[in-house]
Amino acid sequence: MKRKTHNKNLAKRIRQSIPFYIMILPGLLYLLINNYLPLPGLQLAFKRLNYAEGVWGSPWVGLKNFKYLFRSPDSWIIIRNTLLYNTAFICLGTAFSVTIAILLNECSRKWQKRYQTFILIPHLLSYVVVSYIVYAFLGGENGMINNQLLRPLGFSDISWYTEDKYWPFILVFVNIWKTFGYSSIIYFASIIGIDRTYYEAAEVDGASALRQIRSITIPLLKPVLITMILLSIGRILYSDFGLFYQVPMNSGMLFDTTNTIDTFVYRGLMESNDVGRAAAANFIQSVLGFFLVLTANRIIRKTEKEHALF
Amino acid sequence: MSKYNRKIRIVSNIVLFAMTLLCVLPLILLVTSSFTAEEVLAQNGYSFFPQKWGLDAYLYLWETRKTLLQAYKMTFLVTLIGVSCGLTITTLFAYGLSKRSLPGRSVIAFMVFFSMLFNGGLIPSYLMWTQTFHIKDTIFALLVPNLMMNGFSVIVMRSFFQSSIPEELLEAAKLDGAGEWKILAWIVLPLSKPILSTITLLTGLGYWNDWMNGMYYLVGRTDLFTIQNVLNRMISSMDFLRNSNLTTAIESGIRTPSIGIRMAIAVIALIPILVVYPFLQKGFVKGIVIGSVKG
């Protein structure tokens, strides 16, 4: 009897919800197609792609793609580059953005707004435009640095786009240049959120601004900081394709220090017709990346519960 | 304010001012370079203080304006359609999901959430879009993959609906006999302007700046190129503007001012964003903050 009324209730609730189901439908369909329908394609990591037969019809090859991938030096280079660049971005980028956020907080209200406006500008540019800007500085014959700095100072030109040793610095610089405004604003928002009475009390006790930063701002910023860092660690296998493909202008001589998992997958698929190895790298990034996100979240849940994703 | 604290304020302003320069100067180099006479560029390279100003690059772009205007048109069109569709499906999806009594809600919410954690990557998506949906060399290639809606904005919007729209208001409207669609249109949406404008901005910037979809899926149809796609193509072939099937062949005799063009066309891609940005700046900052709270 009870079950029957429950079913009746459910039926009634479903009927009442029909408008909402209709509202949900287009978005849900998009999500299913864009995010879920491609997933079976991951099996390609264990197949040899035959374009005529499609993903499902292609023949299985076992672990051959992975063997082939790990036997080549590329695998080591792309994994190393992806991990090291992300580590550099996390350490230097975070330290820099937090510093800027704290300094921003010391400025007057009026100037805070102005500074925010300007430091967010790089975030608005696409990486294609950024790569033109970088080229204006580094271009071999026409670049500003060679022409206006090195030559007048008596140095010889540096051929930036053929010498890979400079690129770790260039890419870290460009990445921080493009992203620091954005993350500074995030940190700044949580600094503003800190209860003013802490600072007032510290003021009464005669604590200097520097002391207040050290003993109030930084400790109270820690939860957000830890969360942001863990989230980045969860995405440590992913790299910004635009940064690593566009900014070095896809220059083959720089692959040693600019090739990451994402650019490797793209080139394998579109440029060198090396789909097997690319699919293997793609598979590792997806699956391992997923477990890294889960792990990061588990740690966040233990340390900063309210910031956990789930 | 003590002397010591004043010192900190001065240091902070100096540092932030330096950061402002750091963010703006590269753009200025772009602009000064584009307005430099081509012969000076060939000799002295790009510079903040060109020895001779000139419009060579822009004159050449004017000659090839057909390609550029077409690309501009595509950028506007794609952004407009993309944002309208994206905003519509995101809003409807998020509003439906905000109803706590909806049977099956938790399953759908989990699917939204899981899509943010697990990503199939480029190859499976590429094969699906090209082999199942055949979007290669169609306008759908610029509109549909990835940019239209994402789990993140659905979740942000849903929590806005749940926290900022008073339940009593909806109940009252229902008692007055209003249907769910009417309630959404006349009560919820007017109260949701902040979140709607934030999502519009983020989606719009995504479409405006996108070059990846064009690079992946537009192979033959260069007439569908947006301004970002043109820029992207010009990295590898400076002659793209001249060879483009839209451009009438330019009579020989005009030398391509190739050094300056690169910068001029980047400037042209930038201008709309920089013109609109001051008016939308508040919204962008707000969007970042909202996103960080939930993300």
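Note that the structure is a prediction, hence the values are computed from the model and not measured.

Along the backbone of chain B there are 15 helices and zero strands. Within chain B, buried positions represent 41% of all 295 residues. In chain B, of all internal contacts separated by at least 6 residues, the share reaching a separation of at least 24 is 71%.

Should pLDDT be low for a region, the predicted coordinates there are not to be read in detail. Residue and element names in this part refer to chain B. For chain B, the average pLDDT comes to 88, and 90% of its residues sit at 70 or higher. Averaged over each element, pLDDT in chain B is lowest for helix H14 (residues 240-243) (61) and highest for helix H7 (residues 140-143) (96). Model confidence for the complex: the whole-complex pTM is 0.91, and ipTM, which rates the interface, is 0.90.

Now for helix H3 (residues 56-63) of chain B. Listed in full, the buried residues belonging to H3(B) are Asp56(B), Ala57(B), Tyr60(B) and Leu61(B). The buried residues of H3(B) occupy an angular sector of 135 degrees when projected down its axis, which confines them to one face.

Residue and element names in this part refer to chain A. Mapped onto the fold, Asp-164 is located in the loop between helix H9 (144-150) and helix H10 (167-192). For Asp-164, a count of 16 C-beta atoms within 10 Å translates into the label partly exposed. Between the C-alpha atoms of Asp-164 and Asp-256, which are 92 residues apart in sequence, the distance is 6.8 Å. Excluding residues that lie within four positions of it along the chain, Asp-164 makes contacts with Met-253, Leu-254, Asp-256 and Thr-257.

Attention now goes to the packing of helix H8 (residues 151-164) of chain B against helix H11 (residues 193-209) of chain B. Axes are the key here: two packed helices are described by the angle between their axes and the distance separating the axes. Residues and elements named next belong to chain B. H11 packs onto H8 with a crossing angle of 170 degrees between their chain directions and a minimal axis gap of 10 Å. Accordingly, the angle class assigned to the pair H8 and H11 is roughly antiparallel. Between H8, through Ser-153, Met-157 and Phe-160, and H11, the contact on the second element is made entirely by Ile-195, Ile-199 and Leu-202. Of the residues in the contact of H8 with H11, the class split is five nonpolar, one polar and no charged.

Let us now look at the interface of chain A and chain B. At the interface, 75 residues of chain A touch 80 residues of chain B. At eleven residues, helix H2 (residues 18-36) of chain A tops the list of elements feeding residues into the side of chain A that touches chain B. Looking at the side of chain A that touches chain B residue by residue, the classes come out as 52 nonpolar, 20 polar and three charged.

What follows concerns unusual backbone geometry. The phi angle of most residues is negative, glycine excepted, and most peptide bonds adopt the trans form. All names here are of chain B. Residue Asp-137 is not a glycine yet carries a positive backbone phi of 60 degrees. Along the chain, Asp-137 turns up in the loop between helix H6 (122-132) and H7. Overall, Asp-137 belongs to the partly exposed group, with 16 C-beta atoms counted inside 10 Å. For Asn-146, which is not a glycine, the phi torsion comes out positive at approximately 70 degrees. When you line up the elements, Asn-146 lands in the loop between H7 and H8. Taking the C-beta count within 10 Å as the criterion, Asn-146 has 14 such neighbours and is therefore assigned partly exposed.

Moving on, we get to the environment of Ile192(A). Looking at the secondary structure, you find Ile192(A) in helix H10. On a C-alpha basis, the gap between Ile192(A) and Ile145(A) in space is 39 Å, while along the polypeptide they are 47 residues apart.

Criteria and thresholds
- Residues numbered from 1 in each chain as written.
- Chains lettered and ligands numbered in written order.
- Predicted model: local features only at pLDDT ≥ 70, side-chain atom pairs only at ≥ 80, totals over all residues.
- Helix = DSSP H or I, 4+ residues; strand = E, 2+ residues; numbered from the N terminus.
- Buried ≥ 20, exposed ≤ 12 C-beta atoms within 10 Å, placed from the backbone.
- Contact = placed C-beta atoms within 7 Å.
- pLDDT = per-residue confidence, 0-100.
- Arc of directions from axis to C-beta.
- Axes fitted to C-alpha atoms, helices over the stretch in contact; angles between N-to-C directions.
- Parallel < 35°, antiparallel > 145°, perpendicular 65-115°, else oblique.
- Nonpolar A, V, L, I, M, F, W, Y, C, P; charged D, E, K, R; others polar.

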